[in-house]
Amino acid sequence: MTTEALPMAPGRTETWRLLVPQTVIQTRRLLLRWWRDPLTMVQSLLFPAVLLLVLNTVLGKQISVFAGASALYGSVPMVALVGVMSGSLAGAITLGRERDEGLLARLWVLPVHRASGLASRILAEGVRILLCTMVLFAVGGILGFRFEQGVLAAIALFGVPLLYGLGFATLVTAIAVFAAKSALVEAVSLGSAIMMFFSTGFVPLAAYPRWAQPIVAHQPMTQAIDAMRGLSLGGPVRGPLLATVAWSVGAIVVFAVPAAVGYRRASRA
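Residues numbered from 1 in each chain as written. Predicted model: local features only at pLDDT ≥ 70, side-chain atom pairs only at ≥ 80, totals over all residues. Heavy atoms only, no water.

Participant: Just checking my understanding: could you explain the overall build of the protein chain for this structure?
Facilitator: Scanning the protein chain from N- to C-terminus turns up twelve helices and zero strands. Shown N-terminal to C-terminal, the secondary structure of the protein chain runs as helices and strands in the order α-α-α-α-α-α-α-α-α-α-α-α. Taken over C-alpha atoms, the radius of gyration comes to 21 Å for the protein chain, in line with the 18 Å a tight globule of 269 residues would show. Along the longest, intermediate and shortest principal axes, the C-alpha atoms of the protein chain span 80 × 40 × 30 Å. When the 269 residues of the protein chain are sorted by exposure, 45% land in the buried category. Considering only intrachain contacts with a sequence separation of at least 6, the fraction spanning at least 24 residues in the protein chain is 81%. With an accessible surface of roughly 13600 Å², the protein chain has 73% of that area assigned to carbon and sulfur atoms. (Helix = DSSP H or I, 4+ residues; strand = E, 2+ residues; numbered from the N terminus. Rg over C-alpha atoms; globule rule 2.2 N^0.38 Å. Buried < 20%, exposed > 50% of the residue type's maximum accessible area, 1.4 Å probe, protein only. Contact = heavy atoms within 4.5 Å. Areas by Shrake-Rupley, 256 points an atom, 1.4 Å probe, with all protein chains shown as cover.)

Participant: Explain helix H3 (residues 38–58) here, please?
Facilitator: Since there are 3.6 residues in each turn of an α-helix, residues three or four apart along the chain are aligned in direction. When the local axis directions of H3 are compared, the greatest deviation, roughly 30°, occurs at Leu-46, which is followed within four positions by the proline Pro-48. Buried within H3 are the following residues: Thr-40, Gln-43, Ser-44, Leu-45, Pro-48, Ala-49, Leu-51, Leu-52 and Leu-55. (Bend = angle between axes of the 7 residues up to and from the residue.)

Participant: I'm lost on the environment of Ile-175 in this one. Help?
Facilitator: Within the element layout of this structure, Ile-175 appears in helix H8 (residues 151–176). Spatially, the C-alpha atom of Ile-175 lies 19 Å from that of Gly-83, the residues being 92 residues apart in sequence.

Participant: Is there a simple way to explain helix H5 (residues 72–101) in this structure?
Facilitator: When the terminal C-alpha atoms of H5 are compared, their 42 Å separation across 30 residues agrees well with the 44 Å that a helix rising 1.5 Å per residue should span. For H5, the buried fraction is high: 26 of the 30 residues fall into the buried class. Looking one or two residues beyond H5, the residue adopting positive phi is Gly-102, at roughly 85°. (Expected span 1.5 Å × (residues − 1).)

Participant: Got a minute to help me understand empty space enclosed by the protein in this structure?
Facilitator: Unfilled space is identified by rolling a water-sized probe across the atoms. Scanning the model with the defined rule gives one cavity of 30 Å³ or more in all. Around the largest cavity, the lining residues are Gln-26, Leu-104, Leu-107, Trp-108, Val-112, His-113, Arg-114, Ser-116, Gly-117, Tyr-263 and Ser-267. Of all the elements in the fold, those that place two or more residues in the lining of the largest cavity are helix H6 (103–109), helix H7 (115–143) and helix H12 (238–267). Element by element, the count of residues in the lining of the largest cavity is highest for H6, at three residues. Here the lining of the largest cavity is built from residues that sort into five nonpolar, five polar and one charged. (1 Å grid on protein atoms, 1.4 Å probe; cavity = no way out; pocket = protein on both sides within 12 Å on 5 of 7 lines; lining within 4 Å. Points joined across faces, edges and corners; volume = space filled by probe spheres on them. Nonpolar A, V, L, I, M, F, W, Y, C, P; charged D, E, K, R; others polar.)

Participant: Any chance you could explain a nonpolar patch on the surface here in plain terms?
Facilitator: On the surface, a cluster of nonpolar side chains totalling about 500 Å² of accessible area is made up of Val-42, Leu-46, Phe-47, Val-50, Val-54 and Val-58. Turning to its location among the elements, Phe-47 is positioned in helix H3. (Patch = residues over 30% accessible without salt bridge, like charges linked within 9 Å, V, L, I, M, F, W, Y side chains within 5 Å. Salt bridge = Lys/Arg side-chain N within 4 Å of Asp/Glu carboxyl O.)

Participant: Can you help me understand the packing of aromatic side chains in this one?
Facilitator: The description of an aromatic ring pair uses the distance of the two centres, along with the angle that the planes make with each other. Under the definition given, this model contains eight aromatic pairs. Ring centres 5.4 Å apart and planes at 55° place the aromatic pair Phe-137 and Phe-158 in the tilted group. Linking Phe-137 in helix H7 with Phe-158 in helix H8, this pair joins segments that are 21 residues apart in sequence. Each of the two residues, Phe-137 as well as Phe-158, counts as buried. (Phe/Tyr/Trp six-rings, centres within 6.5 Å; stacked < 30°, edge-to-face > 60°.)

Participant: Is there a simple way to think about the nonpolar core in this case?
Facilitator: Within soluble globular proteins, side chains that are nonpolar tend to cluster in buried spots. Core analysis: the largest hydrophobic core is formed by 47 residues, its most contacted members being Met-78, Val-79, Leu-81, Phe-137, Tyr-164 and Met-221. Breaking this core down by element, the ones donating at least two residues are H3, H5, H7, H8, helix H9 (181–197), helix H11 (220–232) and H12. With sequence-adjacent residues up to four places away left out, Met-221 is seen in contact with Met-78, Leu-81, Val-82, Met-85, Tyr-164, Met-195 and Met-196. (Core = buried A, V, L, I, M, F, W, Y, C linked by side-chain atoms within 4.5 Å.)

Now the structure itself:
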């Protein structure tokens, strides 16, 4: 065989023309793996759904009386964000497994576009966030949650956990490619629990001690919850939504480069 007849794989696989179909194929692989992974399903759907049922049963009436509106308009958005964060953590653990098993290294040397690996994870994360949010809001709808502000506001509402989740997933991915799995689980789980209990989705802001109210009011989870409450029940939307955008885009800007560098290093290990 002559030199001219040899396939030029590197030149073809790094073209933008192949990036989209290869990203779609890898996205499908990730979604199927997450769907078949009990850990991901439990952390993304089962745990948040059970948490919502428990909160509504134990604290729902008391919080509704204190807040003057159904507690579901705080607890459903909060639990949706908990599902987003828990699912991102499970996805990061899966990424660590693939790194330790050498799957990332094997994919790195295959004739596929190098950017498709990380791009597929972002796309799969977005699909997972939307699906999990829809399921959790469906559970909330069974309990009595309603979209009082119309169809357009309801559609915009689903964009809040999507943006929040992509920012959180970027942060978690950057940690996952540099840290050990045990440290990742402990740190992110503790941080998520603190954010949940110190947010306006758990109890109204006035129920917290005065020293804690500024912390609760300005943490990113509270801003996202308040934006979703405004888009569903009514109330301020612009301020909380802009704060959520700032928090999420800031996380993406700060952690995107470390995540990409760490992913490349993990793939070449």
